[in-house]
Amino acid sequence: MAEGSWIAACQVDDIDPEDVVPFEHEGTDYAIYRSPADEFYATAGHCTHERELLCNGLVMDNIIECPKHNGRFDYATGEARGAPAIDDLQTYPVKVENGTVYLGIG
Ligand code: FES
């Protein structure tokens, strides 16, 4: 991926371990996750079931549980892991440099 396509999204300290925060860029919503092992991931901001915002969901290990109907996804791979979520989530590359979290969405 070209260097110019990384977008600064937030600071590392903006996300607690095992939590998720929202990020909006050019009208598109994203969700940024910090795993219990201090790794960072990003997915589309909306659930693939009925488009609920995932930033309001519950992070458990490597799973995000949607707050609306409790559908589950692996936020590292985007794989749908629990009904009623069937379609996988889009995932995005993430890198951390000097305490800033960048998404590969540009
Ligand atoms: S909107 Fe997410 S499980 Fe239904």
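In this text, all values refer to a predicted model and were calculated from it rather than measured experimentally. Along each chain, residue indices are assigned from 1 in the same order as the chain's sequence is written. Local features in this predicted model are restricted to residues of pLDDT 70 or higher, and side-chain atom pairs are both shown and tallied only at a pLDDT of 80 or more, whereas totals for entire chains, interfaces and linings draw on every residue. Water and hydrogen atoms were dropped before computing side-chain values, which therefore reflect all heavy atoms in the structure.

Engineer: I would appreciate a short explanation of the UniProt feature "domain: Rieske" (unreviewed entry) in the protein chain in the present structure.
Structural biologist: UniProt records the feature "domain: Rieske" (unreviewed entry) at residues 7-103, using the numbering of this structure. Taken end to end, residues 7-103 has its terminal C-alpha atoms 5 Å apart, with 0% of it in helix and 47% in strand. UniProt positions are given in the numbering used here, feature names are shortened, and annotations may be inferred rather than shown by experiment. Secondary structure counts use DSSP, requiring at least four H or I residues in a row for a helix and at least two E residues in a row for a strand, with both numbered from the N terminus.

Engineer: Explain the sheet that holds strand β6 (residues 63-65) to me, please; I cannot follow it from the model alone.
Structural biologist: Note: strands within a sheet are paired through backbone hydrogen bonds, in either parallel or antiparallel orientation. A sheet is described by the order of its strands in space; here four strands give the open sequence β5-β6-β7-β8, paired in antiparallel fashion. Both outer strands of the open sheet, β5 (58-60) and β8 (80-82), are each paired with one neighbouring strand and no more. Each strand axis lies, on average, 30° off the axis of its neighbour in the sheet, ignoring direction. In this sheet, β8 lies alongside strand β7 (residues 72-74) in antiparallel orientation, the contact comprising two bridges. Following the sheet pairing, Arg-72 is matched in β8 by Gly-82. Whether two strands pair comes down to DSSP finding at least two bridges between them. Helix axes use the C-alpha atoms of the stretch in contact, all axes being lines fitted to C-alpha atoms, and the angles between their N-to-C directions lie in the range 0 to 180 degrees.

Engineer: Got a minute to help me understand unusual backbone geometry in this structure?
Structural biologist: Trans is the prevailing form of peptide bonds, just as negative phi is the prevailing case for residues other than glycine. Backbone torsion omega between Ala-83 and Pro-84 reads 5°, so that peptide bond is classified as cis. Its location among the elements puts Pro-84 in the loop between β8 and β9 (91-92). In this structure, Glu-18 is a non-glycine residue whose phi angle is positive, near 60°. Structurally, Glu-18 is set in the loop between β1 (6-11) and β2 (19-25).

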